[in-house]
Amino acid sequence: MSSSNGSNTGNSTSLRLKTGLAEMLKGGVIMDVTDAKQAEIAEKAGAAAVMALERVPAQIRAEGGVARMASPKKIREIMGAVDIPVMAKCRIGHFAEAQILEELGVDYIDESEVLTPADETHHVDKHAFKVPFVCGARNLGEALRRIAEGAAMIRTKGEAGTGDVVHAVKHIRQIVQEMKILTVLGEEELYSKAKEHGAPYELIRMVAKAGKLPVPNFSAGGIATPADAALVMQLGAEAVFVGSGIFMKDSTTFAEPAEAEKRAKAIVKAATHYNDPKVLLEVSEDLTGAMKGLAIAALDEANLLQTRGW
Amino acid sequence: MLKTKKIGVLALQGDFDAHRRRLEELGAEVVLVKKPEQLADIDGLVIPGGESSTFLKLLGEEGFAQLRQFVLAKPTFGTCAGAILLAKAVENPPQAGLGALDIDVVRNAYGRQRDSSIREGTFQGAPIEMVFIRAPKISRLGPGVEVLATEGKDPVAVRQGKTMAATFHPELSGDPHVHRAFLQLVEDSEDNFRDGPSSKHRIP
C-alpha cells in the first residue's frame with residue numbers, strides 16, 4: 001500500500017489503517033479459539049492473531065442450528081487473555097452484530113459464511129465502520145465485490161470445518177489465475193471483464209495494473225496440517241487462518257492441549273518457512289493424527305458453507 | 001565509490017514485504033532473512049512490524065542469541081514490533097528484548113486497533129506522516145539515545161550508535177526519509193569501519 005504522494009484523505013486514511021493491520025499479520029497464522037485457555041495456547045505457540053468463537057466451524061457443522069456472533073462475554077474473556085490482535089465473526093449482512101463487535105473493541109471482524117447468513121442479498125457496508133473487516137471469497141469477482149464494500153483483507157472461503165484443504169486450494173488458484181489473466185489484457189478488454197466478474201471497473205483496472213489484490217490476500221477453510229499451510233502459501237496466500245484444525249480431534253471432541261500446542265507451533269513455523277521442505281519435514285515429523293475431518297467430495301451441496309454470500 | 005548495500009529484512013512474520021519494496025525503491029539490494037546463517041551476508045538489517053511475541057517464538061533461543069550478536073555489531077532498524085525487539089526492557093506484558101537500544105517500551109500503548117491512527121509528527125526537524133498501528137510507546141530513554149522523531153511530546157523514532165527504531169510504520173507511508181536515514185547509517189558505519197572508529201557519525 002505504498003502511495004507515492006501524500007494526498008491521502010478521509011476514506012483512504014481509514015482503509016490504510018485497516019489494511020495496515022492486515023500487513024502486520026502477513027506470514028502469520030490466525031487461529032480459531034473458543035476460550036481463554038485456547039487463546040493462551042495459540043499465543044504461546046506464536047499465533048499472529050486469534051479468532052474468538054463460541055464454537056469452531058467443525059462443531060457448528062456437526063451440531064447444526066443457527067450460528068451467530070459469539071457472546072460478548074466470551075470474546076471479552078479471550079481479549080483479556082492475550083496481547084495479540086483478537087478477531088471475531090459476524091453473520092453475513094448482520095451490521096448490528098458488527099456494531100456490537102466494534103463497540104466491544106475487537107481488532108478485526110470476519111463477516112463470515114461459517115455463521116448463518118442474516119441477509120440473503122446484502123453484505124455489511126464495511127466503509128461505515130472504523131474496525132477493519134475480512135471477508136471470504138471463492139473467486140476474483142467475489143473478492144473485489146467485498147473490497148468495494150470496504151473489506152480490508154480477503155481470505156479464501158475453502159470449506160470451513162472439514163479439515164479438507166481442496167477448496168482452499170481451488171479458491172486461491174482461481175483468484176490468482178483470474179488476476180494473472182487481467183494483467184495481460186488490453187485496456188478495452190477490462191470493461192467486459194468487469195461485467196464478467198460482476199466487480200467495479202476501477203478495481204478490475206487496479207488488479208490488472210498491480211497483478212494482485214489491493215488488500216492482503218490470505219487463505220482459510222480446511223487447512224489442518226503444516227503441509228496444508230505451506231501449500232496455500234506457495235500458491236500465493238500471504239497468511240493462513242486455521243480453524244478447527246488445531247484444537248479439534250474430530251468434529252465433536254477437542255484435542256489434548258499439549259497436542260494442540262504442538263500442532264499450532266508446527267503450523268506457525270510452516271507459515272514462515274513455507275518454501276523450505278527441510279523445515280516442513282522437521283515440523284511435520286513429530287505430529288500425530290491430524291483432525292479426522294470430512295472429505296468435501298462426500299458433502300451434499302446443501303451442506304456447503306462456501307455458497308453463502310455472493 | 002558507492003556500492004550497492006545488501007540489506008536484510010527479517011521475514012519471519014509481519015510487513016517485511018512493505019520494507020522490501022521501500023528499500024528497493026531506494027536502490028538497496030534486499031534479502032529476506034529467515035535463517036540465522038543469512039545474517040553473515042548482509043550490511044544491515046530491518047526488523048519489520050508484526051507481532052513481536054510471534055517473532056520471539058519463531059526465533060527460538062538460538063535464533064535470538066544470533067540475532068542479538070548481529071544487532072550489537074551491525075546497523076539495524078526496527079519498526080513497531082521491530083522497535084520492541086530492539087529495546088532493553090519491554091512491558092505490557094514483559095518479554096525479552098535484544099537490548100541494542102537503551103530504551104524501555106510499552107506494547108500496545110495506544111490501545112487496540114480502533115485506537116490506531118495516522119498522525120503528523122516531526123522527523124529530524126521536518127513534518128512527516130506517521131502510521132501508528134497497535135503501536136508501542138517508548139517509556140524510558142537511556143542517556144546515549146538520540147531522539148530522531150517526535151509525535152506530540154512522545155519520542156517515536158530514536159537512534160543509538162548503529163541502531164535505529166521507530167514506533168510507527170514509515171514503510172506504510174509514501175515518505176522515504178526514514179528509510180533513507182537508515183541506509184545512510186549503514187553507509188556511515190561502513191566508512192567508520194574503513195576509516196577507524198573515530199570518524200564521522202552523522203545522519204543527514
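Refer to the structure presented above.
Here the structure is a predicted model, which means the values were calculated and not measured.

Novice: When you look at the environment of Glu23(A) in this model, what are you seeing that I'm missing?
Specialist: Residue and element names in this part refer to chain A. Counting through the fold element by element, Glu23 comes out in helix α1 (residues 10-25). Judged by its relative accessible area of 3%, Glu23 falls in the buried class. For Glu23 and Leu53, which are 30 residues apart along the polypeptide, the C-alpha to C-alpha distance reads 23 Å.

Novice: How should I be thinking about the packing of aromatic side chains in this particular structure?
Specialist: Ring pairs (aromatic) are described by centroid distance and by the angle formed between their planes. A complete count under the given rule lists six aromatic pairs over all chains for this structure. Note on Tyr191(A) and Tyr201(A): the rings are 4.4 Å apart at their centroids and 10 degrees apart in plane angle, and the pair reads as stacked. You can see Tyr191(A) sitting in helix α8 (residues 187-197) and its partner Tyr201(A) sitting in helix α9 (residues 201-210), a full 10 residues away along the chain. Aromatic rings pair up to connect Tyr110(B), Phe132(B) and Phe168(B) into one cluster. Just above the ring of Phe132(B) sits the side chain of Arg119(B); from NZ or CZ to the centre is 5.5 Å.

Novice: Explain the environment of Gly158(A) here, please?
Specialist: All names here are of chain A. By the element assignment, Gly158 lies in the loop between β6 (153-156) and α7 (166-183). With 90 residues separating them along the chain, Gly158 and Arg68 place their C-alpha atoms 20 Å apart. Those residues within four positions of Gly158 in sequence are excluded, and the remaining contacts are His167, Ala168, His171, Ala220, Gly221 and Gln306.

Novice: What am I meant to see in the interface of chain B and chain A here?
Specialist: Note on interface size: it is often stated as the accessible area lost on association of the parts. Each partner contributes to the interface: chain B provides 38 residues, whereas chain A provides 40 residues. Buried area between chain B and chain A, both sides added, is near 3,100 Å², and the carbon and sulfur share of it is 51%. Between Arg112(B) and Asp107(A) there is a salt bridge whose closest N-O contact spans 2.8 Å. Our count for the chain B to chain A interface comes out at 22 residue pairs in polar contact (both at pLDDT 80 or more). Mapped by element, the contributors of at least two residues to the side of chain B that touches chain A are α1 (16-25), α2 (52-73), β7 (117-123) and β8 (126-132) of chain B. Counted by class, the side of chain B that touches chain A contains 10 nonpolar, 14 polar and 14 charged residues.

Novice: Would you mind showing me how to read the layout of surface pockets here?
Specialist: The method is simple in principle: a probe with the dimensions of a water molecule rolls over the atoms, and the space it marks as empty is what remains. Of the voids in this model, the second largest pocket is the one considered here, and its volume is about 440 Å³. For the second largest pocket, the lining is made up of 20 residues, of which His273(A), Lys34(B), Lys35(B), Pro36(B) and Leu58(B) are closest to its centre. Counting residues per element, the ones that place at least two in the lining of the second largest pocket are α13 (277-285) of chain A together with α2 of chain B. Among the residues forming the lining of the second largest pocket, the class breakdown is nine nonpolar, four polar and seven charged.

Novice: Is there a simple way to explain the sheet that holds strand β6 (residues 103-106) of chain B in this structure?
Specialist: Backbone-to-backbone hydrogen bonds pair the strands of a sheet. The strands run either parallel or antiparallel. All names here are of chain B. The three strands are arranged β5-β6-β9 in an open sheet whose pairing can be described as mixed. Unpaired on one side and paired on the other, β5 (89-91) and β9 (137-141) mark the two borders of the sheet. Across the sheet, the mean angle separating the axes of adjacent strands is 25 degrees when strand polarity is ignored. Relative to β6, β5 is paired through three bridges, and the arrangement is parallel. Note that in β6 the partner of Glu91 across the bridge is Val106.

Parameters and conventions
Residues numbered from 1 in each chain as written. Chains lettered and ligands numbered in written order. Predicted model: local features only at pLDDT ≥ 70, side-chain atom pairs only at ≥ 80, totals over all residues. Heavy atoms only, no water. Helix = DSSP H or I, 4+ residues; strand = E, 2+ residues; numbered from the N terminus. Buried < 20%, exposed > 50% of the residue type's maximum accessible area, 1.4 Å probe, protein only. Phe/Tyr/Trp six-rings, centres within 6.5 Å; stacked < 30°, edge-to-face > 60°. Lys NZ or Arg CZ within 6 Å of the ring centre and 35° of its normal. Contact = heavy atoms within 4.5 Å. Buried area = accessible area lost by both parts, 1.4 Å probe. Salt bridge = Lys/Arg side-chain N within 4 Å of Asp/Glu carboxyl O. Polar contact = N/O pair within 3.5 Å; in protein donor to acceptor, adjacent residues only side chain to side chain. Nonpolar A, V, L, I, M, F, W, Y, C, P; charged D, E, K, R; others polar. 1 Å grid on protein atoms, 1.4 Å probe; cavity = no way out; pocket = protein on both sides within 12 Å on 5 of 7 lines; lining within 4 Å. Points joined across faces, edges and corners; volume = space filled by probe spheres on them. Pairing = 2+ DSSP bridges. Axes fitted to C-alpha atoms, helices over the stretch in contact; angles between N-to-C directions.

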